[in-house]
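# Results of the structural survey
Read off the chains here:
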There are 2 protein chains.
Amino acid sequence: MSVDERRGRPTIRDVARHAGVSITTASRVVNGKPYVQRELVDRVRAAITELGYRRNDLARGLKVRRSRSIALVIADLSNPFYGACAAAIEETCRSRGYSLLLCSSDEKPDIEQAYLQLLLQRQAEGILLIPTDRDHSDLVDEQTAGIEIVAIDRPIQGLATDCVVVDNDVAAKAATQHLLDHGHSRIAYIGAAPTLYTNVERLRGYESALAGAGRAPIVRMGAASVGSARRAAQSVLQMKDPPTAIFTMNNLVTVGVLQAAHEAGLEVPRDLAIVAFDDVVLADVLRPRLTVIRQPARELGEAAARMLIERLEGAYSGVPRIVRLPTTFVVRESCGCHAETQLEGPRGGSLQAARS
Amino acid sequence: MSVDERRGRPTIRDVARHAGVSITTASRVVNGKPYVQRELVDRVRAAITELGYRRNDLARGLKVRRSRSIALVIADLSNPFYGACAAAIEETCRSRGYSLLLCSSDEKPDIEQAYLQLLLQRQAEGILLIPTDRDHSDLVDEQTAGIEIVAIDRPIQGLATDCVVVDNDVAAKAATQHLLDHGHSRIAYIGAAPTLYTNVERLRGYESALAGAGRAPIVRMGAASVGSARRAAQSVLQMKDPPTAIFTMNNLVTVGVLQAAHEAGLEVPRDLAIVAFDDVVLADVLRPRLTVIRQPARELGEAAARMLIERLEGAYSGVPRIVRLPTTFVVRESCGCHAETQLEGPRGGSLQAARS
DNA sequence: ATGAAAGCGCTAACAC
DNA sequence: GTGTTAGCGCTTTCAT
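Residues numbered from 1 in each chain as written. Chains lettered and ligands numbered in written order. Predicted model: local features only at pLDDT ≥ 70, side-chain atom pairs only at ≥ 80, totals over all residues. Heavy atoms only, no water.

Taken together, 26 residues lie around DNA strand C, and T25, Q37 and R65 of chain A together with I12 and Y53 of chain B are the ones closest in. When atoms of DNA strand C within 4 Å of the protein are sorted by moiety, sugar and phosphate together comprise 66%. In the environment of DNA strand C, a phosphate oxygen lies 2.9 Å from a nitrogen or oxygen atom belonging to the backbone of S22 of chain A. Within the side chain of R65 of chain A, one N or O atom sits 2.3 Å away from a phosphate oxygen of DNA strand C. (Near = heavy atom within 4 Å. Polar contact = N/O pair within 3.5 Å; in protein donor to acceptor, adjacent residues only side chain to side chain.)

Dropping the structure here:
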């Protein structure tokens, strides 16, 4: 064993020595740069395979001042909606040559904050953030210090960034209207954290539809888990004049409401119609099949990743963009319909100025 | 703007200058090391906040030769089973001070291979791998070169590593036996890729139960998606003497089989009993509720991460361990039962030598 | 076409 | 206690 094959992984220095060339030449070959003789290229290549050399990207990043890594701070990976989103992000980042640092905030502001600090230390070039429900204006400094941030699913409070969301209000309004068209007059809304952006928007759409029909809203909030959603549904179903239809705010809530409906022995949609925001896996084998607003989870992630990378590579550096992606209203049976139809949500995913 | 606040993020050198101390002292304060005067500590701290200094972990890693990052190469993030697994891994890694590099192989060997190379370059200290269905003996060199690998969900072909799986065969056998106990004699098995480890193991359990009862197996393989699972179920249901029960190999297959059963107008469990491997979200609001083998997805991820970190920190360096975690048989109604019961699978998650 | 040398930001001997 | 200095592995002028 010669001196250049000692402890640890071989460095480019080892490769150079082994091939009998300078470090510069070795580096050129490693990075596929021109201006190296055929023969030297071969010698270096041979040394590389022989030694099992692999470039150290950390050292490289230190020198070129680019980590080529992007961080994803996600709310909850075990939620299929975010899972699909993350999968699309991962693909997009990889295809553009970036690595993905994964962080799960579990919707907790303090975990998120700690992560954001860590990611700065780790030299993430950009951050894809599904922000927790708190003020983020403390990040203004970091932003001006050069780190790019793109928000997903909800805008970041107190920070102007690129952002990609879905047409929550429009979709919720259309779905509620659909229930009204079926003749329902008492339609309940069961939502998660009251101040959560998506909840606020969806509630707005729901209320706007009801107002248009001169009906009174029936709202239950704070259903942050399947269990609490179930309890919320129970409470609403035990009213003196219970609703004949329920609009559920997300997939967790949907499961809880379905459980409560079963327990109460209600037949859907005869006794209780249901329309859900967010598709769920077994929606089409449920009896009756579930009518849902399907979110473009993958497109959401992909768009966000693309926008971030555009910023990182200087392809865009203007004012913060907000992209609103269309949902799909999948009409099945739980709303009272018989046939399955898919309606494209209004407005395409065009770049729009911030909404009114 | 003084000279130490010029372009880019401030370095420890800037901090030292700003505080009027040496770089070493600044470094000591940054890393919370002892032997620094109270007063200097304060001065350095002040400089840090004033400058907005953040340690560059890449540079640090280069020096201390540790990246403190772990890579997760996962099959499919949009599958809730892997999502839950990933969430647990993320938590475990964070709590131990490691960052997580996320890579999705999409079950494709070439993507996986490219990632493995990249991760080496990125100086990942260890790899958590849900391996694709190929021979991995090319990784032997990397392994001896010092990178630690732990397999999840299935062992790595051609590579002896720590590994954590569930009791596939035992669980499948018990579930099949349950169907036999209900009086079924024609029980079909619908599985994914024929050579996939989990498929092989589950099939083994299924066949062993049938053999014990003197019944003939009815097997359909290659159902790698919901659609193909549905077609497989259709084909099996159109046999001259169709099965009266189906054992589904994973959550994708389950959905496809359920679809096929609906289409065929079969009433479950009267016309067709179903037992599924892997829990699904709406299993308990389906009518009838679905009897499933629940996998400990989070525990799987957590155990794997813990084992990897033990290796990285020298807490264990013995022979490859294989951990087999118990599943839970959740008896609901699709099997023909009426009550809901949970049976702990046999054998705890004890460390065992490689299986026979 | 090739190489010598400087230095990215940091830590850790080692000297004072 | 504090500071000087030598690299970690790499890229990149700038000579030659």
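There is more to say, and it comes next.
Before going further, it helps to examine the packing of aromatic side chains. Residue and element names in this part refer to chain B. This structure, assessed with the given rule, holds 8 aromatic pairs over all chains. Residue placement shows R68 over the ring face of Y98; its charged tip is 4.4 Å from the ring centre. When the ring centre of Y316 is taken as origin, the NZ or CZ atom of R321, which lies over that ring, is 3.8 Å away. (Phe/Tyr/Trp six-rings, centres within 6.5 Å; stacked < 30°, edge-to-face > 60°. Lys NZ or Arg CZ within 6 Å of the ring centre and 35° of its normal.)

Here we take up the relation of the copies chain A and chain B. Once turned by 180° and shifted 0.1 Å along the axis, chain A lies on chain B with an RMSD of 0.1 Å. The symmetry that links the two subunits is that of a two-fold axis. Ranked by how close their C-alpha atoms come to the rotation axis, the residues of chain A are headed by L101 of chain A, at 2.4 Å. In this assembly the copies share their binding face: 100% of the residues contributing to the interface of chain A also contribute to that of chain B. (Least-squares fit on C-alpha atoms with pLDDT ≥ 70 in both. Contact = heavy atoms within 4.5 Å.)

Moving on to helix α12 (residues 297–312) of chain B. Residues and elements named next belong to chain B. Taking 1.5 Å as the rise per residue, α12 with 16 residues should run 22 Å; its terminal C-alpha atoms sit 23 Å apart, in good agreement. The complete set of buried residues in α12 reads A297, L300, G301, A303, A304, A305, M307, L308, I309, R311 and L312. The secondary structure elements touched by the buried residues of α12 are β1 (69–74), α5 (80–95), β3 (126–129), β4 (148–152), β5 (162–166) and β11 (322–325). Taken from the residues just after α12, G314 is the one with a positive phi, measuring 75°. (Helix = DSSP H or I, 4+ residues; strand = E, 2+ residues; numbered from the N terminus. Expected span 1.5 Å × (residues − 1). Buried < 20%, exposed > 50% of the residue type's maximum accessible area, 1.4 Å probe, protein only.)

Next up on the list: the protein's contact with DNA strand D. Taken together, 26 residues are adjacent to DNA strand D, and I12 and Y53 of chain A together with T24, Q37 and R65 of chain B come closest. In the environment of DNA strand D, a phosphate oxygen lies 2.7 Å from a nitrogen or oxygen atom belonging to the side chain of T25 of chain B. Contributing elements (two or more residues each) for the surface near DNA strand D: α2 (23–30) and α4 (57–64) of chain A together with α2 (23–30) and α4 (57–64) of chain B.

For the rest of this paragraph, the subject is the environment of Q234 of chain A. Residue and element names in this part refer to chain A. As for its placement among the helices and strands, Q234 is situated in helix α10 (residues 226–237). Look at Q234 and you get partly exposed, because its relative accessible area is 26%. Between the C-alpha atoms of Q234 and G256, which are 22 residues apart in sequence, the distance is 9.4 Å. Contacts of Q234, omitting those with residues within four sequence positions, involve A260 and E263.

Time to look at empty space enclosed by the protein. A full pass over the atoms with the stated rule returns 3 cavities of 30 Å³ or more. Put simply, the largest cavity is a space of about 100 Å³. Here the residues of the lining of the largest cavity are counted per class, giving 8 nonpolar, 2 polar and 3 charged. In this structure, the second largest cavity encloses a volume near 90 Å³. Lining of the second largest cavity is provided by L258, H262, L266, V268, L286, R287, P288, L290 and S334 of chain A together with V285 and R287 of chain B. Among the residues making up the lining of the second largest cavity, the classes are represented as 7 nonpolar, 2 polar and 2 charged. (1 Å grid on protein atoms, 1.4 Å probe; cavity = no way out; pocket = protein on both sides within 12 Å on 5 of 7 lines; lining within 4 Å. Points joined across faces, edges and corners; volume = space filled by probe spheres on them. Nonpolar A, V, L, I, M, F, W, Y, C, P; charged D, E, K, R; others polar.)

Below, the discussion takes up the pattern of salt bridges. Where side chains of opposite charge bring their charged atoms close, a pairing between them can arise. Applying the stated criterion to the full structure yields 52 salt bridges over all chains. The partner of R68 of chain A in a salt bridge is E313 of chain A, and the shortest N-O contact between them spans 3.8 Å. Taken together, the residues span a long stretch of sequence, with R68 of chain A in the loop between α4 and β1 (69–74) and E313 of chain A in the loop between α12 (297–312) and β11 (322–325) at a distance of 245 residues. On the accessibility criterion, E313 of chain A (42% relative accessible area) is partly exposed. Among the salt bridges present, the one from R94 of chain B reaches E90 of chain B, with a minimum N-O distance of 3.8 Å. Of this pair, R94 of chain B and E90 of chain B are both found in helix α5, 4 residues apart, which corresponds to roughly one turn of the helix. Using a relative accessible area of 1% as the deciding quantity, one classes E90 of chain B as buried. (Salt bridge = Lys/Arg side-chain N within 4 Å of Asp/Glu carboxyl O.)

It is worth spelling out the pairing of β1 of chain A at this point. Residue and element names in this part refer to chain A. Summarising burial for β1: 6 of the 6 residues are buried, a large majority. Of the pairings in the sheet, the one linking β1 to strand β2 (residues 99–104) comprises 6 bridges and is parallel in character. When the sheet's bridge partners are listed, I70 is paired in β2 with L100. The parallel pair β1 and β2 is bridged by helix α5 (residues 80–95), and the resulting crossover is right-handed. Inspection of the sheet shows β1 paired to strand β3 (residues 126–129) by 4 bridges, in the parallel sense. By the bridge assignment, L72 is partnered in β3 with L128. (Pairing = 2+ DSSP bridges. Right-handed = clockwise from strand over helix to strand, strands pointing away.)

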